[in-house]
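Here is how the chains run, residue by residue.
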Amino acid sequence: MNNDSNFMYANPIVGNISGWVFGLAVLTVGLLNMFLIHLVPGIVYLLLSLSYFPPANVFLRKKFGFSIPLAVKFILAIIIIMFTLGVSDLGDMID
């Protein structure tokens, strides 16, 4: 198996598109938090959004020899969604 291929997904195109979509969603939540709530949670969301973008996976794999597993990204996504809608002030602003 080629190390440069996107081996975590059965279909790399679906994995790349879903990575970009969720990464942009978390990036948007981060920007909203920065401007509407507080700077610190916004920065945390921005850093978390980097883990979903496919170029970040390629960078991690090339520089450090690993990438974030799909299961970890999925669990992190559930935590991000729960925190955003349930605990954070941004979820209260949506209501």
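The coordinates are above.
Residues numbered from 1 in each chain as written. Predicted model: local features only at pLDDT ≥ 70, side-chain atom pairs only at ≥ 80, totals over all residues. Heavy atoms only, no water.

Caption draft 1: Structural context of the overall build of the protein. Tallying secondary structure elements over the protein gives five helices and zero strands in all. Taken from the N to the C terminus, the helices and strands of the protein come in the order α-α-α-α-α. For the protein, the residues scored as buried account for 29% of the 95 residues in total. A sequence separation of at least 24 residues applies to 57% of the contacts in the protein between residues at least 6 apart. (Helix = DSSP H or I, 4+ residues; strand = E, 2+ residues; numbered from the N terminus. Buried < 20%, exposed > 50% of the residue type's maximum accessible area, 1.4 Å probe, protein only. Contact = heavy atoms within 4.5 Å.)

Caption draft 2: Quick peek at the packing of aromatic side chains. Tallying each qualifying case throughout the model produces four aromatic pairs. Arranged with centres 5.0 Å apart and planes meeting at 50°, the rings of Trp 20 and Phe 53 form a pair that is tilted. Of this pair, Trp 20 sits in helix 1 (residues 12–37) while Phe 53 sits in the loop between helix 2 (39–50) and helix 3 (54–64), and the two are 33 residues apart along the sequence. Note on Trp 20: relative accessible area 39%, which makes it partly exposed. Through pairs of rings, three or more aromatic residues link up here, namely Phe 59, Phe 64 and Phe 66. (Phe/Tyr/Trp six-rings, centres within 6.5 Å; stacked < 30°, edge-to-face > 60°.)

Caption draft 3: Structural context of helix 2. Along its twelve residues, helix 2 runs 17 Å from first to last C-alpha, staying within 8% of the 16 Å computed at 1.5 Å per residue. Buried within helix 2 we find Gly 42, Tyr 45 and Ser 49. Seen end-on, helix 2 carries its buried residues on one side only, within an arc spanning 60°. Across helix 2 from its buried face, at more than 90 degrees, point the exposed residues Val 40 and Leu 47. (Expected span 1.5 Å × (residues − 1). Arc of directions from axis to C-beta.)

Caption draft 4: Representation of a nonpolar patch on the surface within the structure. A contiguous nonpolar surface patch, about 530 Å² in accessible area, is contributed by Phe 74, Ile 75, Ile 78, Ile 79 and Met 82. The residue Phe 74 is located in helix 4 (residues 70–87) in this model. According to the relative accessible area criterion, Phe 74 is exposed, its value standing at 56%. (Patch = residues over 30% accessible without salt bridge, like charges linked within 9 Å, V, L, I, M, F, W, Y side chains within 5 Å. Areas by Shrake-Rupley, 256 points an atom, 1.4 Å probe, with all protein chains shown as cover. Salt bridge = Lys/Arg side-chain N within 4 Å of Asp/Glu carboxyl O.)

No statement about biological role is implied by the geometric values presented.
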